[in-house]
Each structure stands twice: as C-alpha cells, then as structure tokens.
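Coordinate analysis (summary)
Spelled out, the chains give:
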Amino acid sequence: MEHSLNLLINYIQGILEQKTTAPLPSADLSPAFRELGAKVVLLADKIHKLTIALQQQTEAVEMENQVLMDNIQAMDEISWALEQSNQELRSNLNLVNALTDYTHNMIFVYSADTGQMVHTNQPARYFQNAHAQTAAQLTRMLLGKQPEIHQQIDQHREKQNTDPSGQPNGQDTADQGLPGQHTGQDTADQELSGQLTGQDAEGRKPSERNPDSLRWNMALTDSDGIDMFYQVESFLIPWFHSNAANSQDTKKQAIVHIVTDETDRQRRQNLLYRFAYVDPLTNLNNRRYATERMEQWLREGTAFLLSFIDVDYLKYCNDTFGHEEGDGYLIEVSNALQTLGGEVCRVGGDEFFLLQTGLTPGEQDEKLENLRQTLLADKRSGHPKCFSYATTLVPARSTKPLAEHISDTDAKMYQYKQKYKLPLSDVVYKDDRI
C-alpha cells in the first residue's frame, strides 16, 4: 500500500514539474489504488494538453509582442525621418524666403483655408508701403481669385491621377484667334504678341506651362487714376511656419502668387495694337482687323453679314467747311454706325465695314436704311449727311475668296449709290459763304 502511494505521488510530482515520465504502471499498484491511478492518469493527460496549449499561446503572444515592437521601432524611424524632412523643408523655406527678396517680382503667400497672409517678399512689402491704396486693391483681387485657383488646380491634379498620360488641353482665351475687339474692354486682355504667336508674355506655349499653376491677368487703377497691369502666376503648395514658436504646426496648404508688373509691356502692346489695328481718327478697328476677323469666321465656319458703307458728300463738307469739319462728320457717322451693333471698322477715307452675325441681310439693310434717313434729315450741322450701303451674306465655310465677297459688296454699294444718292443740289443747305 505504501509502495502504491509513493508511486502515485512520484508520478504526480513528475507531471507537475513537467518532467518526462513513463506511463504509470497499473500492475505495480495495489488493487485499492488502481482506480485512483486511472483517474491520476486522466488528470495527467489533461494537464499535459493544457500545458502544451499554454506554451503555444505564450509563443504566439511573444511573437505578436515582437511584431508590435518591430512596428513601433519602424514608426519611430519613420517619425524621425519625417521630422528630419520637415526640418529640412523649413530650412529650405527660410532660404526661399531670403532668395525671394532678390527678385523684382512681388510674391504674396496666403493660407488656402483662411486667406491669412503667410509671407511677402521685400518688393511686395515695399509696394504695400509705397502704394497702399493700389496694394489693397491687388490684395482683394488675389484673395477673391483664390477659391477658383484652389478648385482648378485640384481638378487638374485629379485628372492627372486618373489619366497619368493626360496632356494640358485648351488654351487661355488670350491665345485664341484674333486680337480682342477694340470696343473698350480691358486692354489687359489684348495680349498682341500672345494672340499672334500662341505664346504668353514669357514666350511659353500653353503646353509648356506649369500644369500645377494658374496664370492670369489683373488690371487695376492706382490712386492717381493710372491704369496698372499685372500678370499673376498662382501655385497651391505645402507651407510651414518658419519661426520656432510654430515649429510644431503641421504642414498647411498655401497659395503663392507671383505678381509681375506688366504695365510698361502692356502699354507697348497697346500701342502696337493701335498702330496695327485701330484707326486713329475714329478709334474704330481698321481694314486689317476687319480682314482678319472675317478670315477667322471663315475658318470657324461662321456665317456673317458684310455691309459696305460709303459716306456721301464728304468732299463737299471738306471743301466748303474745312477738313476739321469733315473729320467731325466721319466721327459722327462712325458713332452712329456703332449704335447698330456688330463690329464697325473704318477701312478707307470715307468707307466703313459693318460686320454682324445672327441677322438676315434684310434686317441689316432695314437698320442701315433707318439710320441713313435719320442722318439725311438732320440739318443741324449746316451740311448734308448721308451714306450709301450694301450688305452681303457670307455663308459658313464659303469657298469663295474673301476678296471676292468684298469686291461684290463694293459693287452692290455703288449700284445703290447711283440709284439712291440725292444730287448735291437737292440736299445742299443755304450758306452765306457760297
């Protein structure tokens, strides 16, 4: 009995100490302990299985802890690398801030979210101090443009992400077709060299421009009433506060506006435009402009009306009342023609073109005839006022050369003149000098 009890105790102790033990020999136990021995064997088997499961769980937990420690270490390394990168960016920003003071362009940086000023370079600060009123106008225009800039650049970036091979499509309106019609619109939009060559002020074609920026023109009037013109290129970029107090701030989005004073260049271009396209007496566009406009419509497939107008009795006015009065007569006729809509161009000494779209020849002739009768009935100037005219519909994508359309309309106008122009003796007013 004592032998059986010692045998069970040693077996249980071996199991608890996790020693490798031989199976319990049931034959060595006395009959009274064999049932207990069987229960001890079952208990030992359960303890063994629990021990194995516990070991496996412990190993799994240790492995997870090791993975977690590795991830923590990797995150620490990434965080350190980001902090070093941010420090480098802040250092570079300080350098950029210093370098921008040496450019003649003004640089304004505003928060993309709040519109708060983040940075200005030295030329911008000088401009703000020396021309406070103009600078306030400029600031309002920059801030007012920011939402559009933000939206357009974001849309372009989204397009680039969805279509990596996407190319910039479309051009600024300043690059398309004929120079802007000379009817009093902002001359800042009349980029003559860009319109004729398809390039911007720096000679870059649209496909060569920065796709992450927006280039636009600005015109404003200073405190002395002088028109000022600026070209602005705006960028959406990350921005850090450069001072130590804000070093913990995260990266913010800001819009950088690089403002170039284009006043002198724009004035030169306006002069070139006037020399090339504007009649100095009436301030109407001239024959060159009219020809290019009609050629453009022909290329675009736009049908239009060409009205040829010839001023009557101009020689009588010049000979009788002097050329100054004759010039006034031409100006009066040009002003009257502009009330009809469309584009009026002086193409010769006493000849005008009226270019119109969206009307029929009959509607155009009715307007011209009513104006002709109004001038003829006006006797306040002391000399007769009238004109002869003819209108031709130039169809869309006409195959006939433009010169033939002009020649045909000119011939129709002279037929009208021979038929309807009143003799000078019937319209001349009594004058004591005659």
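Heads up: the structure comes first, above all this text.
Here's what I pulled together on the structure shown here. Residue positions are given per chain, counting from 1 as you read along its sequence in written order. Restriction of local features to residues with pLDDT of at least 70 applies here, the model being predicted, together with a cutoff of 80 or more for giving and counting side-chain atom pairs; totals for whole chains, interfaces and linings are based on all residues. Think of the side-chain values as coming from all heavy atoms in the structure, minus any hydrogens and water.

Overview of the packing of helix α6 (residues 263-277) against helix α7 (residues 287-300)
In this analysis, axes come from line fits to C-alpha atoms, helices being fitted only over the stretch in contact, and the angle between any two N-to-C directions falls in the range 0 to 180 degrees. The numbering of helices and of strands both runs from the N terminus, where a helix is a DSSP run of H or I of at least 4 residues and a strand a run of E of at least 2. Relative to each other, α6 and α7 sit at 85°, their axes nearing to 7 Å. Considered as vectors, α6 and α7 are oriented roughly perpendicular to each other. Judged by residue contacts, Y273, A276 and Y277 of α6 engage R288, Y289 and E292 from α7. Polarity classes work like this: nonpolar for Ala, Val, Leu, Ile, Met, Phe, Trp, Tyr, Cys and Pro, charged for Asp, Glu, Lys and Arg, and polar for all others, with Gly in that last group. Residue composition of the contact of α6 with α7, grouped by class: four nonpolar, no polar and two charged. Here the word oblique covers every angle except those under 35 degrees (roughly parallel), over 145 (roughly antiparallel) and from 65 to 115 (roughly perpendicular). The contact rule is simple, with two residues in contact once any of their heavy atoms fall within 4.5 Å.

Structural notes on the packing of aromatic side chains
Ring pairs shown here join Phe, Tyr and Trp side chains whose ring centres sit within 6.5 Å, with only the six-membered ring taken for Trp; geometry is labelled stacked below 30 degrees between planes, edge-to-face above 60, and tilted in between. By the definition in use, this model includes 10 aromatic pairs. A centroid spacing of 6.4 Å and a plane angle of 90° characterise the contact between Y277 and Y289, whose relative ring orientation is edge-to-face. You can see Y277 sitting in helix α6 and its partner Y289 sitting in helix α7, a full 12 residues away along the chain. An aromatic cluster of at least three residues, connected via ring pairs, comprises F387, Y389, Y416 and Y420.

Brief notes about the pairing of strand β5 (residues 252-261)
A pair of strands counts as paired when DSSP detects no fewer than two bridges linking them. Two elements, strand β1 (residues 106-111) and β5, share six bridges in a ladder whose sense is antiparallel. Note on β5: the bridge partner recorded for V109 is V256. Sheet topology note: the strand β4 (residues 227-239)/β5 ladder contains 10 bridges and is antiparallel. Of the residues in β5, the one forming a bridge with P238 is Q253.

As for unusual backbone geometry
Non-glycine residue N283 carries a positive phi angle of around 65°. Take N283: it is sitting in the loop between α6 and β6 (285-286). For N283, a relative accessible area of 39% corresponds to the partly exposed category. Of note, Y313 is a non-glycine position whose phi angle comes to about 65°, a positive value. Within the secondary structure, Y313 sits in the loop between β7 (304-312) and α8 (314-321). Think of it in three bands: with a 1.4 Å probe and only protein chains considered, a residue is buried below 20% of the maximum accessible area for its type, exposed above 50%, and partly exposed in between.

Here we look at the sheet that holds β6
Pairing is mixed in the open sheet, where five strands are placed in the order β6-β8-β9-β7-β10. The open sheet terminates on both sides in strands that have one partner only, identified here as β6 and β10 (386-394). Of the pairings in the sheet, the one linking strand β8 (residues 343-346) to strand β9 (residues 351-356) comprises four bridges and is antiparallel in character. Counted as the bridge partner of V344 is L354 from β9.

Some remarks on a nonpolar patch on the surface
Side chains of L68, M69 and I72 sit close together on the surface and give an oily, nonpolar patch of about 280 Å² of accessible area. Within the element layout of this structure, M69 appears in helix α2 (residues 31-100). What goes into a patch is any residue over 30% in relative accessible area without a salt bridge, connected to like charges within 9 Å or, for nonpolar side chains (Val, Leu, Ile, Met, Phe, Trp, Tyr), within 5 Å. Using a 1.4 Å probe, accessible areas were evaluated by the Shrake-Rupley method; residue-level cover was limited to the displayed protein chains. Salt bridges are defined by distance alone: a side-chain nitrogen of Lys or Arg within 4 Å of a carboxyl oxygen of Asp or Glu.

Overview of the sheet that holds strand β2 (residues 117-120)
Taken together, the five strands give an open sheet; going across it, the order is β2-β1-β5-β4-β3, and neighbouring strands pair in antiparallel fashion. A single partner strand is all that each edge strand has here, and the edge strands are β2 and β3 (213-221). Between one strand axis and the next, the sheet turns through 25° on average, direction left out of account. The sheet strands contacting helix α3 (residues 122-130) are β1, β2 and β4, and the helix crosses β1 at an angle near 90°. Across the sheet, helix α4 (residues 132-162) lies against β1, β3, β4 and β5, angled at about 160° from β3, the strand it touches most.

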